[in-house]
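Residues per chain are reported as follows:
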Amino acid sequence: AVVSTQSTGDGEESLMFCDICDRGYHTFCVNMSALPRGRWECRLCVMCACCGSTSPGEGNWRFQHNEHLKFLQTMCYPCTIYFDKGWFCPVCLKVFDYDAVDDPMVCCDFCDRWVHTGCDNIDDEHYNMLGESGSLYKCILCRGEKEEVYDKHHKKYKEGNKENQLVESL
């Protein structure tokens with residue numbers, strides 16, 4: 001959020017601007033006690049990047065950043081729970097529920113992460129072949145065809161996994 005730090009006596013020192021529409025808001029007008037750090041979106045613009053909700057749910061909105069503090073996406077509270085568990089496609093960063101997967105997904109045999117078939121350009125024929133043949137699947141990220149934007153849940157970071165050493169040496 002771009003903020004104004006000049007004091008003119010009319011609340012301008014607490015003025016901030018939406019990162020989407022550039023509307024200006026005082027922190028006290030939107031029930032905030034301080035200026036936000038990083039990205040901020042107003043109530044007219046904010047929407048969950050995963051489920052499309054315009055309500056944060058039972059918690060607050062979360063502005064997801066990678067380890068380099070690059071903004072990735074805005075999520076509602078329920079989607080944040082799934083994301084923190086690692087239940088998201090590492091390509092599009094959309095969360096999924098193991099009990100109700102809407103889009104077909106494939107688990108990478110090298111990083112143990114689930115990837116939407118559409119995110120790796122896997123057509124129905126290839127998808128069915130992977131399920132029947134028992135062949136190994138290496139995702140678009142492990143093949144190096146797409147840059148990793150958030151890898152906190154990558155298999156290489158899980159402790160005590162000897163298989164990681166094998167995968168990383170390939």
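Worth saying up front: this structure is predicted, and the values here are computed from it rather than measured.

Visitor: It is not clear to me how the pattern of salt bridges should be interpreted in this structure. Could you clarify?
Guide: Pairs may arise between side chains of opposite charge once their charged atoms sit close together. Considering all chains together, one arrives at 3 salt bridges under this definition. Taking the shortest distance from any N to any O, the salt bridge between Asp120 and Arg143 comes out at 2.6 Å. Separated by 23 residues along the polypeptide, Asp120 in the loop between β7 (114-116) and α2 (124-133) and Arg143 in the loop between α2 and α3 (162-169) bring together distant segments of the chain. In this structure Asp120 comes out as buried when scored by relative accessible area, which is 5%. Of the residues examined, Arg143 reaches a relative accessible area of 35% and is grouped as partly exposed.

Visitor: What's the story with the packing of aromatic side chains in this structure? I'm lost.
Guide: Aromatic ring pairs are defined here through the distance separating the ring centres and the angle between the ring planes. Summed over the entire model, instances satisfying the criterion amount to 3 aromatic pairs. For the pair Tyr25 and Trp40, a centre-to-centre distance of 5.4 Å together with 70° between the ring planes defines the contact as edge-to-face. Of the two residues, Tyr25 sits in strand β3 (residues 24-26) while Trp40 sits in the loop between β3 and β4 (62-65), which places them 15 residues apart along the sequence. Owing to a relative accessible area of 14%, Tyr25 belongs among the buried residues under this scheme. Stacked on the ring of Trp87, the Lys or Arg Lys85 has its end atom at 4.6 Å from the ring centre.

Visitor: Just to check I follow, could you spell out unusual backbone geometry for this structure?
Guide: A negative phi angle characterises most non-glycine residues, just as the trans form characterises most peptide bonds. The residue Asp22 is not glycine, and still its phi comes out positive at about 65°. Tracing the backbone shows Asp22 in the loop between β2 (15-17) and β3.

Thresholds applied
- Residues numbered from 1 in each chain as written.
- Predicted model: local features only at pLDDT ≥ 70, side-chain atom pairs only at ≥ 80, totals over all residues.
- Heavy atoms only, no water.
- Salt bridge = Lys/Arg side-chain N within 4 Å of Asp/Glu carboxyl O.
- Helix = DSSP H or I, 4+ residues; strand = E, 2+ residues; numbered from the N terminus.
- Buried < 20%, exposed > 50% of the residue type's maximum accessible area, 1.4 Å probe, protein only.
- Phe/Tyr/Trp six-rings, centres within 6.5 Å; stacked < 30°, edge-to-face > 60°.
- Lys NZ or Arg CZ within 6 Å of the ring centre and 35° of its normal.

What is shown is where atoms sit, not what they do.
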